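Listed here are the chains, written in short residue letters.
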Amino acid sequence: MKKHSVVIAGGGSTFTPEIILMLLSEEGRFPLSELKLYDNDAERQAIVGNACAIIMKERAPHVKFSFTTDPKEAFTGVDFVMAHIRVGKYEMRSLDEKIPLKYGCVGQETCGAGGMAYGMRSIGGVLELIDYMEKYSPNAWMLNYSNPAAIVAEACRRLKPNSKVLNICDMPVGIEDFMATICGLKSRKEMQVRYFGLNHFGWWTSIIEKSTGRDLMPILKEHVSKHGYLHPSLEGHMDADWHSTYEKARDVFAVSPNFMPNTYFKYYLFPDYVVSHSDINYTRTDMVRDGREKRVFGECRRITEAGTAKDSTFEVGGHATYIVDLACAISNNTGERMLLIVPNNGSIINFDPTAMVEIPCIVGCNGPEPLVMGEIPRFNKGLMEQQVAVEKLVVDAWIEGSYLKMWQAISMSRTVPSVEVAKKILDELIEANKKYWPELK
Ligand code: NAD
Ligand code: LMR
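Criteria and thresholds
Residues numbered from 1 in each chain as written. Chains lettered and ligands numbered in written order. Predicted model: local features only at pLDDT ≥ 70, side-chain atom pairs only at ≥ 80, totals over all residues. Heavy atoms only, no water. UniProt positions renumbered as here; feature names shortened; annotations may be inferred. Buried < 20%, exposed > 50% of the residue type's maximum accessible area, 1.4 Å probe, protein only. Helix = DSSP H or I, 4+ residues; strand = E, 2+ residues; numbered from the N terminus. Pairing = 2+ DSSP bridges. Right-handed = clockwise from strand over helix to strand, strands pointing away. Near = heavy atom within 4 Å. Polar contact = N/O pair within 3.5 Å; in protein donor to acceptor, adjacent residues only side chain to side chain. Areas by Shrake-Rupley, 256 points an atom, 1.4 Å probe, with all protein chains shown as cover. Contact = heavy atoms within 4.5 Å.

In the nomenclature of an unreviewed UniProt entry, the protein is known as 6-phospho-alpha-glucosidase of Brachyspira pilosicoli. The UniProt entry for the protein carries the following comment under Sequence similarities (unreviewed entry): "Belongs to the glycosyl hydrolase 4 family."

What follows is the structure, encoded as structure tokens:
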């Protein structure tokens, strides 16, 4: 079997160690020759890189491993770029959350004004990675799961239409894991789904058991209408914040009960509820820094000091295997059916053909072949039209350096009550993002 050379961009990410363990555990179907980490923050990446070097030496000495901040070194001779960068890091994510909240609006990583601010930072970072890949490894593919995926994907469609970039999100994968548990299945891979929407903004229209064709929607509807996506056997696998998000799916489901919803509709359909349950002095960033970042970086430092990872507490990032599914689909032409963020192009018949939509695709060596999802109902379509306009306006604002387009984008979001509030949020976001955004005139 062909051995692959992979670079992980955003090497200093809190997700890197467990993704590396996942890649090693999947070598049976996706063998590696070389694994590199790339980041533009040498200090942050070294924390992760030093520990991963020990893990690699002990568990996969046959794979050449290195970490670097030099794009040429990182991107030369690779087959895949796996990209999970966070432009502006947690310092800026914190402001994305706290600035809108100050004006009584949802402050969230990818939803609402905070997500737009993050989008304005991410576009340039992701385009730069594509340029490096195309310069140093023109035959490589980029599997991008840097957020906010909807805005990044629209920027790729507009500015890099011929690049080999696939935008994918782990949110549907995570929810499908929960659905499988609720239905008593061992794995989400036992299900076959139909889904339509935008990233972090979509619905499952059909879920059947692959081997028998059994319709699983009745079980899921019954369960979600009472408990959201919560299930007793899943309780230990999430923190309090995610617990409330999975529970709130019950109320999200009630307004569109023919389909199973993505959990992030909570932010768009219940913004007042979200704001009243937020603490501006301690937002999700603070939770992630006190939780995942402390845990991961603490363990990395411990491994580096001990000089061994034999007793490491890192676990294989289980559901991240979707990244290997995608890489294998391309490398081995497996024809795997996966949800990807792709140009609509008629797949949702009564929706903008130029929208980047999240839909099932058959993936092979030439990339994704989207499936036809047909007509969608007015309620769902209306919500999507408003949200896709937001995402397109943000990309317009970035390309044109337009203050007006960014003001329109924030004004258009369901999470913002008025044009006046939108302006206040925008002016404060501009001040905070001076180092990262193009100048808006
Ligand atoms: P993190 O801050 O821990 O790591 C991100 C790394 O990216 C940092 O080390 C940072 O220095 C680096 N970086 C920033 N800008 C860069 C650039 N221009 N070039 C190279 N490196 C750069 O963040 P995290 O919490 O681990 O999340 C990483 C990313 O993955 C985020 O975009 C997050 O939203 C995303 N994510 C995506 C999914 C998904 O499936 N779509 C799931 C979880 C997280
Ligand atoms: C979050 O806020 O939960 C996201 O950053 C994703 C994660 O896993 O923490």
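Counting buried residues along strand E2 (residues 32-38), 6 of its 7 residues qualify, which places the element largely inside the surrounding structure. Direction of pairing for strand E1 (residues 4-9) relative to E2: parallel, over a ladder of 6 bridges. Its bridge partner being in E2, His-4 is matched across the sheet by Leu-32. Across 5 bridges, E2 lies against strand E3 (residues 64-68) in parallel orientation. Pairing of Leu-37 across the sheet is with Phe-67, part of E3. One crossover worth recording links E2 to the parallel E3 by way of helix H2 (residues 42-59), and it is right-handed.

Before going further, it helps to examine the site of ligand 1. As a matter of local geometry, ligand 1 sits amid 26 residues, with Ser-13, Asp-39, Arg-44, Tyr-90 and Tyr-118 nearest to it. A distance of 2.7 Å separates an oxygen atom of ligand 1 from a polar atom in the backbone of Ile-85. In the environment of ligand 1, a nitrogen atom lies 3.1 Å from a nitrogen or oxygen atom belonging to the backbone of Tyr-145. Protein contacts shield 95% of the accessible area of ligand 1, which totals 860 Å² for the unbound molecule.

Once that is clear, we can look at the environment of Pro-377. Tracing the sequence through the fold places Pro-377 in the loop between strand E12 (367-370) and helix H14 (378-400). Overall, Pro-377 belongs to the partly exposed group, its relative accessible area being 36%. For the pair Pro-377 and Met-82, spaced 295 residues apart in sequence, the C-alpha separation works out to 35 Å. With residues near it in sequence (within four places) discarded, Pro-377 still touches Phe-196 and Phe-259.

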